[in-house]
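# Understanding the architecture of this molecule
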Amino acid sequence: MGETLFLAHRVPFPPDRGDKIRSFHVLRALARLGPVHVGTFDDRSGYGEQFLSGIAASHHLVPLRKPDVLAAAEAMVKGQPVSLSAFANEGLREWVEQVLHYRPIDAIYVFSGQMAQYVPPHFPGRTVLDLCDVDSAKFEAYGDAGHGPKAWVHAREGRLLAAEEERFARAADTTLLISENEANLFRTRVSNTHQIDLRVMRNGIDAKFFAPGAVTPEPTLYGEGPNLVFTGQMDYAPNVTAVERMVHRILPGIREVHADAEFHIVGRAPTPAVKALGKQAGVTVWGEVADVRPYIAEADIVVAPLTIARGIQNKVLEAMAMAMPVLLSPEAATGIDGEDGVHFTIAEGDRTMIGRALALLEDRDRSLEMGEAARAFVLEHQSWPAMLGGLGALLRPPPVDTVRDAA
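These numbers come from a predicted model, not from an experiment. Note on numbering: residues in each chain are counted from 1, in written sequence order. Local features in a predicted model are, by the rule used here, given only for residues with pLDDT of at least 70; side-chain atom pairs are given and counted only at 80 or more, and totals for whole chains, interfaces and linings are based on all residues. Remark: hydrogens and water are excluded; side-chain values derive from all non-hydrogen atoms of the structure.

Attention shifts here to the pattern of salt bridges. By salt bridge we mean one thing: a side-chain nitrogen of Lys or Arg within 4 Å of a carboxyl oxygen of Asp or Glu. Counting across every chain of the model gives 22 salt bridges. Of the charged contacts in the structure, one is a salt bridge between Arg-93 and Glu-90, with a shortest N-O distance of 3.6 Å. On the criterion of helical spacing, the pair formed by Arg-93 and Glu-90 is a turn pair, its members being three residues apart in helix α5 (residues 90-102). The buried label applies to any residue whose accessible area, calculated with a 1.4 Å probe on protein chains only, is under 20% of its type's maximum; exposed applies above 50%, and partly exposed to all values in between. Using a relative accessible area of 23% as the deciding quantity, one classes Arg-93 as partly exposed. Here Glu-90 falls in the exposed class, since its relative accessible area comes to 54%. Here Arg-396 and Asp-106 are joined by a salt bridge, their closest N and O atoms 3.2 Å apart. One end of the pair, Arg-396, is in the loop between α16 (391-395) and α17 (400-406); the other, Asp-106, is in strand β4 (residues 105-111), with 290 residues separating them in the sequence. Assessed through its relative accessible area of 16%, Arg-396 is described here as buried. The partly exposed category is assigned to Asp-106, whose relative accessible area is 28%. Connected through salt bridges with shared partners, the residues Asp-16, Lys-20, Asp-43 and Arg-268 form a single ionic network. Segments assigned H or I by DSSP are reported as helices when at least four residues long, segments assigned E as strands when at least two residues long, and all are numbered from the N terminus.

See below:
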């Protein structure tokens with residue numbers, strides 16, 4: 001086995017948000033295959049150096065990515081996406097060159113499109129580009145939904161980033177996306193897709209950690225309820241929009257029937273707008289918590305009313321693994337092959353969301369059955385070992401002679 005270079009836009013630890021959960025498990029799988037060298041950016045978690053020292057043969061941790069204002073200014077001057085400018089770092093570029101020169105690197109795993117700028121154009125080994133989801137489409141959606149200068153900035157980012165995503169995918173040996181929906185979306189945005197080896201590698205879930213019996217019951221955590229909970233990174237724009245929708249347009253309808261219904265927002269880095277929601281009747285903003293599982297376990301329903309969503313929502317898989325009834329929008333259900341009404345409940349539109357929330361609260365037996373079916377689905381279809389089982393073959397395919405002999 002040769003050695004692998006792993007490039008990620010955010011240090012893959014702790015695995016406490018969507019992209020870091022995926023990069024954490026991918027990096028652990030790569031380390032089991034052979035020596036891995038990691039180039040990444042710190043996110044001020046305080047765990048980066050210790051984690052990388054324990055898993056990587058060598059690493060380069062950039063203390064901070066450049067400020068957004070500086071990245072935007074550079075991007076405007078150079079005519080490139082802000083996403084690329086924000087993660088352009090000469091120190092990391094020099095480290096990558098040294099690793100490729102001095103170490104027997106036969107594969108580069110690029111986690112997120114921002115890091116593809118570090119792959120030399122004539123690298124002789126395998127390059128796998130893990131886009132996760134189509135980021136450019138997300139920025140386009142922001143632009144379409146916004147107004148004024150910010151909408152123009154988002155539209156520009158979506159347009160320029162789409163061109164870079166296509167260019168990077170053509171240069172890579174294989175490009176990964178998180179779901180069939182994301183892969184199909186990508187195909188509609190590029191020409192001559194037969195020239196791109198485009199594959200799907202889904203997210204998994206640690207069903208031993210996210211399990212009903214893995215947490216101590218805390219019946220006094222919430223009021224008598226009913227209690228609905230949303231979990232996620234609360235400075236992430238789609239999550240902010242989702243909880244605002246829940247508070248202003250969905251919760252009031254539920255409280256018309258259940259006056260004591262409460263909505264709980266659980267996740268780190270809540271924005272001022274999210275904190276302000278805590279002033280509304282029946283709403284609690286918890287912010288960052290040591291362990292999200294009790295907050296899931298003590299809820300009556302886990303909700304995910306996202307209107308903009310890319311890839312697979314880990315928050316949904318976590319709740320399903322904990323045997324919870326989950327009420328979600330069609331966007332939040334993307335990439336999870338469960339069945340509506342069996343493994344979760346999908347609702348499109350605020351009135352439908354209210355109606356189906358009330359139905360789940362009314363029929364507790366059905367809610368319990370749905371939660372049990374959800375956990376069974378996760379155990380069978382969404383484990384990390386199953387998701388990453390083909391990673392070795394993807395990075396180091398058998399020699400041509402071996403394939404010919406086997407045939």
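Still more to cover.
Strand pairing in a sheet takes place through backbone hydrogen bonds and is either antiparallel or parallel in direction. One bridge is not enough; two strands pair if DSSP finds at least two bridges between them. Pairing in this open sheet of six strands is parallel, and the strands run β10-β9-β8-β11-β12-β13 from one edge to the other. The sheet is open, and its two borders are formed by β10 (283-287) and β13 (345-346), each paired with just one other strand. Alignment of strand β8 (residues 227-231) against strand β11 (residues 301-304), held across two bridges, turns out to be parallel. Each bridged residue has a counterpart across the sheet, and for Val-229 the counterpart in β11 is Val-302. Seen against the sheet, helix α13 (residues 350-362) touches β11, β12 (326-328) and β13 and runs at an angle of roughly 175 degrees to β12. Only heavy atoms enter the contact rule, under which two residues are in contact if any of them lie within 4.5 Å. Axis angles are defined between N-to-C directions and span 0 to 180 degrees, where every axis is a line fitted to C-alpha atoms and, for a helix, only to the segment in contact.

For Phe, Tyr and Trp, where Trp contributes only its six-membered ring, two rings pair if their centres lie within 6.5 Å, and the inter-plane angle classes them as stacked under 30 degrees, edge-to-face over 60, or tilted in between. This structure, assessed with the given rule, holds 11 aromatic pairs. Ring plane angle 10 degrees and centroid distance 4.7 Å describe the contact between Phe-13 and Phe-51, whose orientation is recorded as stacked. Here Phe-13 is found in the loop between β1 (3-8) and α1 (18-33), whereas its partner Phe-51 is found in helix α2 (residues 48-55), with 38 residues between them in sequence. Given a relative accessible area of 24%, Phe-13 falls into the partly exposed group. A ring pair is formed by Tyr-222 and Trp-286, whose centres lie 6.1 Å apart and whose planes are at 55 degrees; its orientation type is tilted. One end of the pair, Tyr-222, is in the loop between β7 (198-200) and β8; the other, Trp-286, is in strand β10, and 64 residues separate them in sequence. Among the residues examined, Tyr-222 registers a relative accessible area of 8% and is labelled buried. Exposure remark for Trp-286: the relative accessible area of 30% places this residue in the partly exposed category. Each residue in the set Phe-13, Phe-24, Tyr-47 and Phe-51 is aromatic and connected to the rest through ring pairs, giving one cluster.

Most of strand β9 (residues 262-266) sits inside the fold, with four of its five residues counted as buried. The pairing of β8 with β9 spans five bridges and is parallel. Note that in β9 the partner of Asn-227 across the bridge is Glu-262. A crossover links β8 with its parallel partner β9, the connecting element being helix α9 (residues 237-257), and its sense is right-handed. For β9 and β10, the ladder comprises four bridges, and the chain directions are parallel. Across the sheet, His-264 pairs through a bridge with Thr-284, a residue of β10. Clockwise travel from the first strand over the helix to the second, with the strands pointing away from the viewer, marks a crossover as right-handed.

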